[in-house]
Amino acid sequence: MSETKVAQFAETVGTPVDRLIEQMHSAGIMVKGPDSPISDEQKEQLLGYLRNKHGTVTKASPNKITLKRKITSELTLSSSSSKSSSKVKVEVRKKRTYVKRSAIDDTIPSGDAELLEARRVAQEAKKAEEEAKTQQEIELQAQKSQEQLLADEEKKREEELAAQEQLKIEQQQQAVQAVQAKKTETKKIEQLARKQTKPILKEAPRGGAARPTTAAARPATTIAAKPGKTKADLTKRHPDKPKFTAPKKGGAKSFQNRPGNASKGRFKKKRMNKPEIETRHVFEKPTEVKVIDVEIPETIKVGDLAQKMSVKAGEVIKIMMNLGSMVTINQMLDQETASIVIEEMGHVPVLMKEEQIEENLMEEHAEGVKESRAPVVTIMGHVDHGKTSLLDYIRDSKVADGEAGGITQHIGAYHVETNKGMITFLDTPGHAAFTSMRSRGANATDIVIVVVAADDGVMPQTKEAVQHAKAANVPIIVAVNKIDKEAADPERAKNELSALDVIPEDWGGDVMFMPVSAKTGQGIDDLLDAISVTAEVMELEAVPNGPAKGVVIESRLDKGRGTVATILVQSGQLNKGNIIIAGQDYGRIRAMMDENGKQIKSAGPSIPVEVLGLSGTPSAGSEVLVVKNERKAREVALFRQGKYRDVKLARQQAAKLENMFSKMESGHVQTVNIVLKADVQGSVEAISESLRKLSTDEIKVNIVADGVGGINVSDAQLAVASNAIIIGFNVRAEMSAKKIIETESVDLHYYSVIYDILDEVKSAMTGMLAPEFREEIIGLAEVRDVFRSPKLGAIAGCMVVDGTLKRNSPIRVLRDNVVIYEGELESLRRFKDDVQEVKSGTECGIGVKNYNDVKAGDHIEVYERVQVKRTL
């Protein structure tokens with residue numbers, strides 16, 4: 001084979017020339033320099049020397065090494081449509097593999113140097129090909145990034161144009177709606193004015209004479225006297241009429257023998273066997289006028305008023321017609337109108353007090369002998385501070401695991417037998433929406449336990465709980481929970497509560513602070529001791545027997561059982577079968593259960609029970625009373641319902657008038673109509689109040705209807721008629737209601753956590769807000785000289801000082817930094833060419849539309865209106 005030079009051989013084996021020459025000298029091969037030739041025998045000699053020096057390569061040693069390298073760089077790409085440039089990150093990854101020459105030499109026969117050379121050339125070619133491919137990929141990626149950037153800019157411009165078109169359409173629609181609303185409001189005002197001009201009650205003229213007020217002063221002709229006749233005339237017999245005489249003995253026989261009565265044989269014996277009675281109808285002159293004292297409630301029906309005066313309803317209707325008012329037998333009269341009618345009929349009206357029925361009801365619950373009772377303890381505090389978990393440990397149950405979202409959304413009432421005696425606990429929600437529930441809990445309780453997390457301190461609902469307890473004048477016990485945590489700091493809770501005038505006992509105050517852990521049970525016994533001591537000091541007493549009295553803690557509508565109300569008995573004995581009245585609802589107790597669902601027959605003071613049988617779902621916080629009979633319960637319930645209805649109608653009427661005038665003043669106000677259904681009454685109240693608080697001056701939240709129970713057909717139809725959203729909180733829609741909802745495309749939402757309701761309604765209201773526009777100054781030009789043109793008028797030669805001037809943009813002309821004119825650019829020229837925009841540092845000619853008083857030294861400010869997204 002041909003000889004190879006030392007330099008070529010060094011390059012082949014990948015070794016520096018100097019080092020190779022040194023190794024050859026050590027092996028006994030004498031070469032002069034890099035250009036000296038080297039034979040194959042000398043190569044084998046060098047290889048043998050190196051093997052002897054470094055040892056034979058073991059199988060365990062690696063024959064191949066792979067190196068990976070990653071290079072990250074940035075490319076700056078400029079956009080042709082805008083000044084801005086963008087940067088694109090480019091990442092190049094390289095991978096190289098190095099193989100031991102010994103491994104190659106073992107596979108290649110000795111002396112095959114040409115094969116080695118061919119492989120080296122192939123590797124170099126492959127390396128160059130990979131580098132070229134990598135460079136091509138970098139250029140392709142940069143090109144794609146630039147194309148994507150241009151596409152995004154084009155899409156953004158199209159979206160802006162579409163948004164402007166949509167805005168114009170919405171403005172036109174709003175203008176049409178405003179005109180229609182104005183016409184409707186004008187019609188309503190005219191109708192209201194016509195109604196106000198109609199007379200409600202017109203009193204019959206009496207010749208100007210004063211009506212007598214006493215019975216003695218009234219003439220006897222007031223009662224049953226027809227116009228033009230006196231009562232004495234009515235008692236006189238007409239001369240042409242025969243005088244009626246009493247039939248003689250045996251008169252029945254003569255009646256029997258009258259013609260036409262022969263066929264009535266079956267009545268003969270009855271008439272003959274009757275005792276002899278006076279059948280003559282005698283008119284006698286009344287000896288005295290009977291005057292009745294008539295009690296009048298706030299409202300009374302015409303028929304009921306006639307019954308109280310012992311006259312026919314037609315007589316009362318006749319009097320009302322004489323007074324100028326047409327009424328029916330079932331029409332309601334107010335107290336004032338009824339008193340006028342009573343006086344017209346010669347009786348004395350007695351106005352009943354507003355709460356007379358309520359007072360009569362309370363008199364039935366007379367006080368008896370009082371005995372000591374168990375304390376009612378309410379657990380209050382911020383959300384997620386461990387109120388329910390603390391109660392779970394005391395009850396040895398797992399209530400918190402079953403609550404939606406891990407938060408309490410109802411008032412839970414439980415009574416627990418402890419070593420210190422029986423204690424009744426009320427667990428209230430901690431979320432801000434349940435303020436009214438906490439207020440009811442504080443009013444129905446004897447002791448309030450304020451739970452504060454040792455790692456979180458005093459929070460907003462903690463402050464609210466303290467305020468409710470102080471407003472109800474109830475003693476407070478502070479339970480500092482979660483002391484088993486590492487971040488627990490009980491002293492922090494003391495410092496923050498002391499700022500709310502809740503001073504610990506060890507600081508000289510009167511509030512007991514109990515460090516507890518609902519997880520480990522630490523301090524629970526001390527907390528129960530504190531409750532027992534406080535209850536003993538308060539000397540809690542109640543009447544254990546007699547008619548029961550209590551308060552509604554919660555109520556809901558169960559599909560299988562009907563209305564279920566949770567009642568806390570405060571005094572007396574509540575028995576199964578009692579007739580109770582709770583707010584506007586009444587009924588007989590069909591079944592009574594404790595908090596575990598176990599059937600019971602009676603419950604004494606401080607015992608919470610669930611009762612079935614009420615006519616409706618009473619409002620939480622309503623007073624519960626046991627009444628004697630169902631008639632009395634119905635009377636009180638109807639009275640309360642009528643009173644509530646009157647108040648509600650008065651509020652609606654006032655709201656209509658207020659809304660009418662406020663709309664006239666402030667323009668169109670958007671409304672979000674909502675039909676709300678929940679599982680319990682307390683949740684309905686809390687959610688309704690929270691949703692109404694979301695209302696603003698521009699968008700109002702209107703609760704069209706709310707109630708307890710599943711979503712039925714009437715709810716769906718109401719939502720269709722009022723264009724409302726249906727919200728179901730822990731309830732579902734019936735199949736018949738679902739069909740209407742799907743057919744009419746009604747918006748229906750189900751929730752189990754109150755946070756989600758408030759967030760989604762708030763986001764919907766945000767989308768309804770009218771757009772807000774903000775002015776941004778985009779350019780400022782200084783007037784250097786003014787030229788007069790016969791066609792265009794005054795042309796201002798300007799230098800653009802800042803920003804960019806755009807044609808057809810609104811402008812302001814400033815003189816001595818004071819705005820003297822606002823208008824538009826009529827023309828914008830650079831030399832003799834019309835241009836769309838002029839950038840900073842260039843000269844231009846500006847023609848201001850309909851304004852020729854531009855002077856040198858003025859400044860022309862160009863701005864544009866930018867739409868800003870609004871939030872509540």
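Counting starts from 1 at the beginning of each chain's written sequence and moves along it residue by residue. Local features are withheld for residues below a pLDDT of 70 in this predicted model, meaning they are given only at 70 or higher, and side-chain atom pairs are given and counted only at 80 or more; totals for whole chains, interfaces and linings count all residues. To get the side-chain values, all heavy atoms of the structure are used, and hydrogens and water are removed first.

Considerations on the overall build of the chain
Inference 1: Under the scheme used here, helices are H or I runs from DSSP no shorter than 4 residues and strands are E runs no shorter than 2 residues, and both carry numbers assigned from the N terminus. A tally of helices and strands in the chain yields 22 helices and 37 strands.
Inference 2: Exposure is judged per residue with a 1.4 Å probe applied to protein chains only, and the accessible area is read against the type maximum: over 50% gives exposed, under 20% gives buried, and values in between give partly exposed. Out of the 872 residues belonging to the chain, those deemed buried represent 36%.
Inference 3: Once local pairs closer than 6 in sequence are excluded, the contacts in the chain between residues at least 24 apart make up 69%.
Inference 4: Working definition of accessibility: Shrake-Rupley area with a 1.4 Å probe, residue cover restricted to the visible protein chains. Surface summary for the chain: the accessible area is close to 53700 Å², and the carbon and sulfur share equals 50%. The criterion used for residue contact is that any of the two residues' heavy atoms lie within 4.5 Å.

Focus on the confidence of the model for the chain
Inference 1: One number per residue, pLDDT, summarises how confident the predictor is, and it ranges from 0 to 100. On average, residues of the chain carry a pLDDT of 76, and 76% of them reach 70 or more.
Inference 2: A low-confidence stretch, residues 198–272 (pLDDT under 50), is modelled with 54 contacts involving residues beyond four sequence positions or located in other chains.
Inference 3: The model gives residues 397–411 a pLDDT under 50, and that stretch makes 41 contacts with residues more than four places away or in other chains.

Side note on helix α19 (residues 681–693)
Inference 1: Expected span, for any helix, means 1.5 Å times one less than how many residues it has. Taking 1.5 Å as the rise per residue, α19 with 13 residues should run 18 Å; its terminal C-alpha atoms sit 19 Å apart, in good agreement.
Inference 2: Here α19 has its buried residues at Gln681, Gly682, Ser683, Val684, Ala686, Ile687, Ser688, Ser690 and Leu691.

Looking at the nonpolar core
Inference 1: Judged by nonpolar contacts, the single largest core of 25 residues is most densely connected at Leu390, Phe425, Ile449, Ile477, Leu527 and Ile531.
Inference 2: Contributions of two or more residues to this core are made by β10 (376–381), α13 (387–395), β11 (412–418), β12 (421–427), β13 (447–453), β14 (476–481), β15 (512–515) and α17 (524–538).
Inference 3: If sequence neighbours within four positions are ignored, Ile531 has contacts with Pro375, Val377, Ile423, Phe425, Ile447, Ile449 and Ile477.
Inference 4: Counting residues in hydrophobic clusters, the runner-up holds 21 residues, among them Val684, Phe729, Tyr751 and Leu769. Residues belong to one nonpolar core when they are buried, are Ala, Val, Leu, Ile, Met, Phe, Trp, Tyr or Cys, and are joined through side-chain atoms within 4.5 Å.

Things to note about the packing of aromatic side chains
Inference 1: Between 30 and 60 degrees the pair is tilted, below 30 it is stacked and above 60 it is edge-to-face, where a pair is any two Phe, Tyr or Trp rings, Trp via its six-membered ring, whose centres lie within 6.5 Å. Taken as a whole and judged by the stated rule, the model has 1 aromatic pair.
Inference 2: Two limits define a charge over a ring: the Lys NZ or Arg CZ must be within 6 Å of the ring centre, and within 35 degrees of the ring normal. For Arg732, the ring lying beneath its charged end belongs to Tyr750, and the centroid distance is 4.3 Å.
Inference 3: A cation over an aromatic ring shows up here: Arg812 above the ring of Tyr863, its NZ or CZ 4.0 Å from the ring centre.

What to know about the sheet that holds strand β28 (residues 725–729)
Inference 1: A pair of strands is considered paired only if DSSP assigns at least 2 bridges between the two. Strand order across the open sheet formed by 4 strands is β27-β26-β28-β29, with parallel pairing between neighbours. Two strands close off the open sheet at either side, each with one partner strand: β27 (699–708) and β29 (748–751). Mean inter-strand twist for the sheet, computed between neighbouring axes without regard to direction, equals 25°.
Inference 2: As judged from the 4 bridges shared by β28 and β29, these two strands associate in the parallel manner. Its bridge partner lying in β29, Ile726 is registered against Leu748. Working convention: axes come from line fits to C-alpha atoms, limited for helices to the stretch in contact. Angles between N-to-C directions cover 0 to 180 degrees.

Observations concerning the environment of His415
Inference 1: In this fold, His415 is placed in strand β11.
Inference 2: Taking the C-alpha atoms as reference points, His415 and Glu595, separated by 180 residues in sequence, lie 8.0 Å from one another.

Describing the pairing of strand β26 (residues 670–678)
Inference 1: The buried fraction of β26 is high, at 7 of 9 residues.
Inference 2: Summarising the sheet, β26 and β27 pair through 9 bridges and their orientation is parallel. Of the residues in β27, the one forming a bridge with Ile674 is Ile703.
Inference 3: Here, the term right-handed applies to a crossover whose path from the first strand over the helix to the second runs clockwise when the strands point away from the viewer. Between the parallel elements β26 and β27, the chain passes through α19 in a crossover that is right-handed.

Side note on the packing of helix α2 (residues 17–26) against helix α3 (residues 40–54)
Inference 1: It is the contact of α2 with α3, at a shortest axis distance of 9 Å, that shows an interaxial angle of 85°. Taken together, the axes of α2 and α3 are roughly perpendicular relative to one another. Across from Leu20, Gln23, Met24 and Ser26 in α2, the residues of α3 making contact are Leu46, Tyr49 and Leu50.
Inference 2: In this count, Pro and Cys sit with the nonpolar residues alongside Ala, Val, Leu, Ile, Met, Phe, Trp and Tyr, while Asp, Glu, Lys and Arg are called charged and the others, Gly among them, polar. Of the residues belonging to the contact of α2 with α3, the class tally is 5 nonpolar, 2 polar and no charged. An angle below 35 degrees is treated as roughly parallel, one above 145 as roughly antiparallel, one from 65 to 115 as roughly perpendicular, and anything else as oblique.

Concerning the sheet that holds strand β20 (residues 579–582)
Inference 1: Taken in spatial order, the 7 strands of this open sheet run β21-β20-β25-β17-β18-β24-β22, and their pairing is antiparallel. Of all the strands in the sheet, the pair left with one neighbour each is β21 (585–588) and β22 (591–593). Pairwise comparison of adjacent strand axes, ignoring direction, gives a mean angle of 35° for this sheet.
Inference 2: Looking at chain direction, strand β18 (residues 562–571) and strand β24 (residues 608–612) are connected through 5 bridges and run antiparallel. For Ile567, the partnering residue across the bridge sits in β24 and is Val609.

Details of helix α15 (residues 460–471)
Inference 1: The terminal C-alpha atoms of α15, which comprises 12 residues, lie 17 Å apart, in line with the 16 Å expected from a rise of 1.5 Å per residue.
Inference 2: Of all the residues in α15, the buried ones are Gln461, Thr462, Glu464, Ala465, Val466, His468 and Ala469.
Inference 3: Phi for Asn473, located one or two positions after α15, is positive at around 55°.

With respect to unusual backbone geometry
Inference 1: One non-glycine residue, Ser606, lies in the positive phi region at around 70°.
Inference 2: Among the structural elements, Ser606 can be located in the loop between β23 (602–603) and β24.
Inference 3: Given a relative accessible area of 1%, Ser606 falls into the buried group.
Inference 4: Phi at Asn850 takes a positive value of approximately 60°, unusual for a residue other than glycine.
Inference 5: With respect to the helices, strands and loops of the structure, Asn850 is situated in the loop between β36 (843–848) and β37 (859–868).

Here's the deal with the packing of helix α10 (residues 313–322) against helix α11 (residues 335–344)
Inference 1: The geometry of α10 relative to α11 is characterised by a closest axis approach of 10 Å and an angle of 105° between their N-to-C directions. Between α10 and α11, the interaxial angle falls into the category roughly perpendicular. The residues of α11 that touch α10, namely those facing Val316, Ile319 and Met320, are Thr337, Val341 and Glu344.
Inference 2: Within the contact of α10 with α11, the residues separate by chemical class into 4 nonpolar, 1 polar and 1 charged.

Some details on the pairing of strand β17 (residues 549–558)
Inference 1: Here β17 runs beside β18; their pairing, made up of 9 bridges, is antiparallel. If you follow Arg556 over to β18, its bridge partner there is Val564.
Inference 2: Connecting β17 to the next strand, β18, in antiparallel fashion are 3 residues.

Comments concerning the environment of Thr534
Inference 1: Structurally, Thr534 can be placed in helix α17.
Inference 2: Assessed through its relative accessible area of 11%, Thr534 is described here as buried.
Inference 3: A sequence separation of 58 residues divides Thr534 from Ile476, and the C-alpha atoms of the two residues are 9.5 Å apart.
Inference 4: For Thr534, the residues in contact, after removing those within four places along its chain, are Ile447, Pro475, Ile477 and Met512.
Inference 5: Here a polar contact is taken to be a pair of N or O atoms separated by no more than 3.5 Å, where protein atoms must pair a possible hydrogen donor with a possible acceptor and residues adjacent in sequence count only if both atoms sit in side chains. A distance of 2.8 Å separates the side chain of Thr534 from the backbone oxygen of Ala530, its partner in a polar contact.

Section: the side chain of Thr563
Inference 1: Along the chain, Thr563 turns up in strand β18.
Inference 2: Leaving out residues up to four positions away in the same chain, Thr563 has contacts with Arg556, Leu557, Val611, Leu612, Gly613, Leu614, Gly616, Thr617 and Pro618.

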